[in-house]
Amino acid sequence: MSKIGRNDLCPCGSGKKYKKCCLGKETSAVESIMRLVTKEEAAASETVAEKQEPVAQPEVKLTLATLRKKVSRDLKWEHPAHEQLALHLIESMRESYDRELIWEALVLWNGYSRKTKPAVKKMGSFCAAIEFILSEEYGFSLTQVNLATKHEVTTPTISRKVKEMLNYIEEYGMGGAEEELLLLNVSGTPKDQERALLQKAFETNSSKRRIQLAEAALEVYPNSPDAYLILAEEAENETDARAFLKAGMEAGERELGETFFAKHKGYFWGLHETRPYIRICKSYADSCWFGGNAEEAAKTLEHILTLNPDDNTGARYLLTAAYLYSNKLDETEQVLAKFGDDAAATVAYDRMVLEYKKNGVTSQLKMLYRVARNVNKHVPDYLLGIKRLPHNLPDFVGMGDANEAIEYVIVHSRLWTSLPDLLKWMLKQQD
């Protein structure tokens, strides 16, 4: 089942991202549901970072001699003084830092110096600023006072250079795919380079940095669904996010090719290379559902189940909601029958909704309600506002626990909002 991420649109319907709206606030499930009636701007894309398998990156042994050769051979310089400072930087860092971190410092200096073309009056001021930035990034706890002593400069000078370099990083990152790959010290095929860039994007918390890395990945490998997924997660509005997701699906189709789809339909999840495509399809379906397009969501979820009938991604849970919302009751019955032994709360409560839509309040409905409560007793409390949603949505869900109930209520809010009489009936059962 789907989770609401920090960068998704808030389910309260405000149109803001969850992290800037209701994250850290208590909001009743009923309030969330009722707001969703009038607001159709929300999204629920699983972060790729939770799903992405580790990427093996090519290892290149770095030594001091190798670093010096790279300064002269691999890095381009606008002025000889900038190259001399790079060599000085190696010597000033060699005793305290591993070689990979020195290489990161060199690439930072190379990009900064090429872009800003600074005059080098005293090497220590730039070296100290670079060390301080890396210290802040990796938690080395170096102070500017320590670095001022080491490099024989003043702390105001370091502060000024740090600010200038941070402004450069904020605006340009490493400058593009070529610079990013130099920083990661990765060669190989475009696919190898794409994986390395995406792995770095998954590890960073900076929104702008994630965007820069995703764009660099697309520069070297345009058919990257996961790069588009990152851009969708960081998009400022849901229209842009959905456009990125759609573009990512198209990229995945190009990457795999028509022959691959025809040959492996029905067995997709068992093939590692298909998973980025399945993930972005699922995210697109989530976005369509929370944005009010149940028909497009159902179409995409049906496509996922055609490719992966065993449904390792849980597409069926949202599909039953979309079918029920659109009154496609026969299709709902087929899905529930296929996965009839599923003990999830979604199945139990959606069976109840199906019975109500077909026959109204019946003895069968009462029986199904009792069964659903035995599967997860927490769902009615969150649906009816008897319990309030916690500050943060759960990272982990257990069968029958409160986290499963919270997730069910958020994902199915649009469906239950359309059934006020059923909610009133449930409320009476609490007496």
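Residues numbered from 1 in each chain as written. Predicted model: local features only at pLDDT ≥ 70, side-chain atom pairs only at ≥ 80, totals over all residues. Heavy atoms only, no water.

Caption draft 1: Spotlight on unusual backbone geometry. Of note in this structure, Glu152 is not a glycine but carries a positive phi near 60 degrees. Looking at the secondary structure, you find Glu152 in the loop between helix H7 (144-151) and helix H8 (155-172). Its identity as a non-glycine residue notwithstanding, Asn327 has a phi of 60 degrees, on the positive side. Tracing the backbone through its elements, the reader meets Asn327 in the loop between helix H17 (315-325) and helix H18 (329-338). (Helix = DSSP H or I, 4+ residues; strand = E, 2+ residues; numbered from the N terminus.)

Caption draft 2: Structural context of the pattern of salt bridges. Counted under the stated rule, the structure contains 16 salt bridges. With a shortest N-O distance of 2.9 Å, Glu131 and Lys150 are connected by a salt bridge. Taken together, the positions of Glu131 in helix H6 (residues 123-138) and Lys150 in helix H7 put the pair 19 residues apart, joining distant regions of the chain. Owing to a relative accessible area of 38%, Lys150 belongs among the partly exposed residues under this scheme. (Salt bridge = Lys/Arg side-chain N within 4 Å of Asp/Glu carboxyl O. Buried < 20%, exposed > 50% of the residue type's maximum accessible area, 1.4 Å probe, protein only.)

Caption draft 3: Examining the packing of helix H3 (residues 64-73) against helix H4 (residues 80-93) more closely. Axis separation between H3 and H4 bottoms out at 10 Å; the angle between their running directions is 165 degrees. With respect to H4, the axis of H3 lies roughly antiparallel. As H3 packs across H4, the resulting crossing turns out to be right-handed. Within the contact between the two elements, H3 uses Leu64, Leu67, Arg68, Val71 and Ser72 and H4 uses Glu83, Ala86, Leu87, Ile90 and Glu91. Residue classes in the contact of H3 with H4 are distributed as six nonpolar, one polar and three charged. (Axes fitted to C-alpha atoms, helices over the stretch in contact; angles between N-to-C directions. Parallel < 35°, antiparallel > 145°, perpendicular 65-115°, else oblique. Left-handed = near helix turned anticlockwise from the far one by under 90°. Contact = heavy atoms within 4.5 Å. Nonpolar A, V, L, I, M, F, W, Y, C, P; charged D, E, K, R; others polar.)

Caption draft 4: Structural detail: the environment of Ala285. Tracing the sequence through the fold places Ala285 in helix H15 (residues 275-290). Sequence separation between Ala285 and Ile304 is 19 residues, and the spatial gap between their C-alpha atoms is 9.7 Å. In contact with Ala285, not counting residues within four places along its chain, are Ala297, Thr300, Leu301 and Leu318.

Caption draft 5: Here's a closer look at the packing of aromatic side chains. If you walk through the whole model with that rule in mind, you get twelve aromatic pairs. When the ring of Phe260 is compared with that of Phe268, the centres are 5.6 Å apart and the planes differ by 75 degrees; the resulting orientation is edge-to-face. Neither residue differs from the other here; Phe260 and Phe268 are each classed as buried. Relative to Tyr325, the ring of Trp289 has its centre 5.7 Å away and its plane inclined at 85 degrees; by these criteria the two rings are edge-to-face. In this pair, Trp289 sits in helix H15 while Tyr325 sits in helix H17, placing the two residues 36 residues apart along the sequence. Trp289 gets classed as buried once you look at its relative accessible area, which sits at 1%. Above the face of the Phe339 ring, Arg316 is positioned so that its terminal group lies 4.5 Å from the ring centre. (Phe/Tyr/Trp six-rings, centres within 6.5 Å; stacked < 30°, edge-to-face > 60°. Lys NZ or Arg CZ within 6 Å of the ring centre and 35° of its normal.)

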